[in-house]
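Each chain is listed here by its residues.
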Amino acid sequence: MDLQGDKAATLRFGDFEFDRASRTLRSHGRPLALGARAVDLLWTLVEARGALVTKDELLRRAWPGLVVEEANVQVQVSALRKLLGPEAIATVPSVGYRLALAVSEGGAEPARHNLGSERTPFIGREAVLADAQALLAAGVLLTLIGIGGCGKTRLARRLAEAELERFADGVWWIDLAPLDRAEQLVPAVAQAVGCPLHGKAAPLEALARALRPRRMLLVLDNCEHLVDAACTMLDALFDAAPGLRVVATSREALGLRGELILPVKPLQLPPSEATPQQVWSSEAARLFLQAAQRAAPQLAFGDDAAPTVAAICRQLDGIPLALELAAAQLQVVGPAQLLDVLQQRFRLTLGARRRLRQQTLHAVIRWSVDNLEDDERRVLAALAVCAGGCDLDAVQALLGTDAAGDVLIPSLTRLAERSLLDVQHADGVVRYHLLETVRQFVLDTLAGGELELELQDRHLDHCLRRAEALRPQLAQAPARQRALALLDLERENMARAIGWAVARHQWRRGAQLVHRLLPHWTARAWLAPGLELADAVLAAARPEEDRVGAAVLMIDTAHLALRMGRPAVARALAADALRQAQTAGSQALEVDALVMRAFCTLFDGDATALLPELQAMLERVERAGLAAQRSPVWSALAQVHMHLGDLEAAREALLRARRAYEEAANPTGALMETIHLAWVAARLGDVAEARRLLAEIASRQPQLDHHLYACMTLFAVGGLAAVERQWARSLRAHLAALRHLKAGGIAESPLRQQQREHDITRARQALDVAAQAAAEREAASGSIGADLRWAFDGLAG
């Protein structure tokens, strides 16, 4: 195998040299014994120059054309570590390896620089590095901006290393963090580039004259506390030295003409519900593991540790400094304990250090916040009260009369410039996000103060207004998808607002918010979180203060509990709601509570006694003119007829329920009854009607942005396919519906479960093993939207 390529130069790394011509590894001139496979692996790792090399690539390079076990790679890597040192080759669990030593060409003319050597390899950010190189090639000044600890310095160092060959007169690094006064800046730069400042000339004039003929790159690290002095110096130097290029790192842009800005964001995090391989390959986890190996070399991270490491990375927002600070604690605690400790986010330290970037994350953030103006601090406080981001309307609402445009917009701009605020644009919506570490810091400073209480009240009011404005849109097809999407974005804010209502003993406002959010929670199958929030409000409720509000809250909570398959809980809540409604004299709420109780009874499979009860309830509704209660009573009657096996009566009741929903201008409710009608038509063998109804449902697909309705539609498709003896289609539809139902935490009704199991049994009996396997495989993947599209496409066949 020829791995030599076009070069025969010596590669140097640490105390070692690798001669590519003779395939020889030397240490201080002395050759070291290595087997052929180890040489191949070493060559591959050295050529990668610190980049990740996968196990598959190492197997391909060292054992071309052969099928061998991964353990062979581990054996050879262990042999190399015995020679190079235990930390020379870093492991990326389940993925591959990387050389942790810097590599240089032994035969090249040494570049002039003062960069020193990095103790640890650069992690990730290859795309950001490429962007930085492109920007530097396009201008004279590139400023890397970002919050303290985000990795600006490491990126600047790697950028400087990558640019060495472009600058004949060298690359020079100047750390500004130790400088206390502006007048120290020019002498520090002059000393770094080897420019004496003796004589009568002013220091800046002498430096500018010295740099005039040079093609040079300066890296000014940690500029934020000397911005004005840096701008003055660079203005003079750029005018005098056309060959000068500068990279600066700062928490905010310098503001010079011609400046190009590159935000440095936290490291890439593992995706939610990530596989171990996805965790180990994420940038944040790779950095954490590297730091963990330095702190506690004895620790082994198997795939079972992946969820804990992912949670640690998310807890720390992927901020490199925070990850390193946390990993250092592994000397005394295990990963699971560390995750617990991280609830005290800002108490992890590295000890006393002189440089700002090496201090605790707490101190880094405090430095940024303390340098804000009063208006900016108030805007930051409003942003911190929000969870999961917010939009401009929310910030204005929280600031109240302080939200004047001439203050708010400049303050938001300034916070973004200082890298405290991340502004995100998506689908025409602009949202503001604080890193969780920054948000928690600000909340800690607000804790218990008058401003915090004021902002909490305004936040709760804003969430109530927004939920009230969007709730009617959830029932209307044109606006439904947008309203759902906006409420998706506000989910964390809504939950926080409910929590504050409970904590502040304002349960009625919390109950109002629960009621307004119930359609959103059920549409998105956010049942468990919704029930937890509703239960919290219910526990704080004082029904004697507002019996109507208490009854509505109890019915809403019962609705969530029943959807999750807890009929006993829902029945008890319905009984309590009935008592409150009777005490308050509200006939409408009495009917709502009785209907909820009826559905609980149906869920238990006992429908016999419900028929006369619901018929009497319907007469009461008509007598009292309770139009809003007409549709749910007819719907409950239809379900009773289904359980009793009278499908024709069920169809008639469903038609009346749908008409009542349409008269109430509730197309979403009407859609629910249309899905039931399609299911009943299929069970009656009325194939043409079932197909017509499913085609109608398909034409109203935007309203099917509802988890339960989509599952019910798939069940109807599966039932129709069974009647038509399309067994593979029936099996796939039923299994897909069941999978999505379970994913949403939604319990099946006994009737639907019985009929589904019957259809699935018949399908399995009719299909051969291969056809069953294919249907099961197709049902086991795909989103609920994709499964619906498949179901509707099949109706044309």
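What you are looking at is a predicted structure, and each value in this text was computed from that prediction instead of being measured. (Residues numbered from 1 in each chain as written. Predicted model: local features only at pLDDT ≥ 70, side-chain atom pairs only at ≥ 80, totals over all residues. Heavy atoms only, no water.)

## A word on helix H36 (residues 784-793)
Side chains three or four residues apart in an α-helix point the same way, a direct result of the helix having 3.6 residues per turn.
Then, number 1: Inspection of H36 places Asp787, Leu788, Ala791 and Phe792 among the buried residues, and these make up the whole buried set. When H36 is viewed along its axis, its buried side chains cluster within an angular range of 130° and face the same direction. (Buried < 20%, exposed > 50% of the residue type's maximum accessible area, 1.4 Å probe, protein only. Helix = DSSP H or I, 4+ residues; strand = E, 2+ residues; numbered from the N terminus. Arc of directions from axis to C-beta.)

## What about the side chain of Glu748?
Then, number 1: One can find Glu748 in the loop between helix H33 (727-743) and helix H34 (750-766).
Then, number 2: There is a polar contact of 2.7 Å between the side chain of Glu748 and the side chain of Arg756.
Then, number 3: In this view, Glu748 contacts Phe603, Phe715, Leu738, Leu741, Gln753 and Arg756; residues no more than four positions away in its chain are not counted. (Polar contact = N/O pair within 3.5 Å; in protein donor to acceptor, adjacent residues only side chain to side chain. Contact = heavy atoms within 4.5 Å.)

## Some points on the pattern of salt bridges
Then, number 1: Summed over the entire model, instances satisfying the criterion amount to 45 salt bridges.
Then, number 2: One salt bridge in this structure joins Asp488 and Arg524, with 2.7 Å as the shortest N-O distance. Placement of Asp488 in helix H20 (residues 477-489) and of Arg524 in the loop between helix H22 (507-523) and helix H23 (527-540) is noted, with a sequence separation of 36 residues between them.
Then, number 3: A salt bridge links Arg597 to Glu613, with the shortest nitrogen-to-oxygen separation between them at 3.6 Å. With Arg597 in helix H26 (residues 587-603) and Glu613 in helix H27 (residues 610-624), the pair connects residues that are 16 residues apart, well separated along the chain.
Then, number 4: Look at Arg597 and you get partly exposed, because its relative accessible area is 32%.
Then, number 5: Residue classification places Glu613 among the partly exposed positions, given a relative accessible area of 29%.
Then, number 6: Here the residues in one salt-bridge network are Asp391, Asp393, Arg431, Arg466 and Glu490, joined through shared partners. (Salt bridge = Lys/Arg side-chain N within 4 Å of Asp/Glu carboxyl O.)

## A look at the packing of aromatic side chains
Then, number 1: The final tally for this structure, using the stated rule, is two aromatic pairs.
Then, number 2: Ring plane angle 70° and centroid distance 5.5 Å describe the contact between Phe18 and Trp43, whose orientation is recorded as edge-to-face. Separated by 25 residues along the polypeptide, Phe18 in strand E2 (residues 16-19) and Trp43 in helix H1 (residues 36-48) bring together distant segments of the chain.
Then, number 3: Measuring from ring centre to ring centre gives 6.4 Å for Phe288 and Phe301, while their planes differ by 80°; the resulting arrangement is edge-to-face. One end of the pair, Phe288, is in helix H10 (residues 283-295); the other, Phe301, is in the loop between H10 and helix H11 (306-315), with 13 residues separating them in the sequence.
Then, number 4: Judged by its relative accessible area of 0%, Phe288 is buried. (Phe/Tyr/Trp six-rings, centres within 6.5 Å; stacked < 30°, edge-to-face > 60°.)

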